[in-house]
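# Commentary on secondary and tertiary structure
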Amino acid sequence: MARGRFGVWYERQLLARILDRGMRGVDPLRGELLAPASGRVIEIGFGTGANLPHYPAAVTSLVAVEPSEGLAAHARARLAEWGRPSTVIVQSGARPLPLPDASFDAVVITFVLCSARRVPALLAEARRLLRPGAPLLLAEHIAAARGPLRLAQRLLRPAWQLCLGGCDPTRDPRPDLIAAGFDVSELREQPLDLPIVVRPGLLGCARAR
Ligand SMILES: C[S@@+](CC[C@H](N)C(=O)[O-])C[C@H]1O[C@@H](n2cnc3c(N)ncnc32)[C@H](O)[C@@H]1O
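What comes next concerns the included structure.

Rules used throughout
- Residues numbered from 1 in each chain as written.
- Predicted model: local features only at pLDDT ≥ 70, side-chain atom pairs only at ≥ 80, totals over all residues.
- Heavy atoms only, no water.
- Near = heavy atom within 4 Å.
- Polar contact = N/O pair within 3.5 Å; in protein donor to acceptor, adjacent residues only side chain to side chain.
- Patch = residues over 30% accessible without salt bridge, like charges linked within 9 Å, V, L, I, M, F, W, Y side chains within 5 Å.
- Areas by Shrake-Rupley, 256 points an atom, 1.4 Å probe, with all protein chains shown as cover.
- Salt bridge = Lys/Arg side-chain N within 4 Å of Asp/Glu carboxyl O.
- Helix = DSSP H or I, 4+ residues; strand = E, 2+ residues; numbered from the N terminus.
- Buried < 20%, exposed > 50% of the residue type's maximum accessible area, 1.4 Å probe, protein only.

Take the site of the ligand next. Lining the immediate environment of the ligand, one finds 20 residues, of which R30, G45, E66, G93 and T110 sit closest. In this structure, G93 approaches the ligand through a main-chain N or O atom, which is 2.8 Å from a nitrogen atom. Residue T110 places a side-chain N or O atom 2.6 Å away from an oxygen atom belonging to the ligand.

Below you can see the structure in the form of structure tokens.
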């Protein structure tokens, strides 16, 4: 994430707006994805808090992990109005979080693994924090399986990453999820209402095996 005063200004003023506007197409999916969440939830890669209005009433508390200081400022403001217990942790989810093992009833990760560094470490941390049997609720755009769109994703990747905070349209998190010990059989592929380069989507619930 960007460092220094310009970086924080960029993240707070520009990146936050780009994310809020650019991701609106997936808002209808958020409620459906988060419907099974309940109890203590941790969201890794909280961004500006686009998932917040979609958490069901059964969610009693939320820990928001967000490494960008500029975005975390938005997150704090939004959570202050949420009316349920919440905490913001400003660090990468790929580093050990100051939280006990098996302390959450759900982990939420949406549109984060496309840009995160050290995805295996992030998923290991997600698994450590989940109580046995609890869901990882996940939504990501993924690499197209084949054809012209796959080629376009590869060709556009450098410019896309440069303009959109490192977002890589050619990733698929399933191998890393499986390596981290998650069962991915409940994840489904679904087109997303996003620009065509990031239209192939993957969403649903992954559980620790
Ligand atoms: C495209 S935004 C998605 C924000 C939000 N989850 C959503 O669904 O709109 C990606 C977010 O992932 C965060 N992120 C990137 N790498 C991360 C990491 N290693 N740990 C936690 N968050 C990370 C970014 O700071 C950014 O807020």
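This part is about a nonpolar patch on the surface. On the surface, a nonpolar cluster with roughly 480 Å² of combined accessible area is contributed by F6, W9, L14, I18 and L164. Relative to the elements of secondary structure, W9 occurs in helix α1 (residues 4-22).

Turning our eyes to something else, we now look at unusual backbone geometry. One non-glycine residue with positive phi stands out, namely A102, at about 50 degrees. Topologically, A102 is positioned in the loop between β3 (86-89) and β4 (106-110). Residue A102 is classed as partly exposed on the basis of its relative accessible area of 35%. We note that R118 has phi near 55 degrees; this positive angle belongs to a residue other than glycine. Position of R118 relative to the elements: it lies in the loop between β4 and α4 (119-129). Judged by its relative accessible area of 53%, R118 is exposed.

By themselves, these observations are geometric and do not establish any function.
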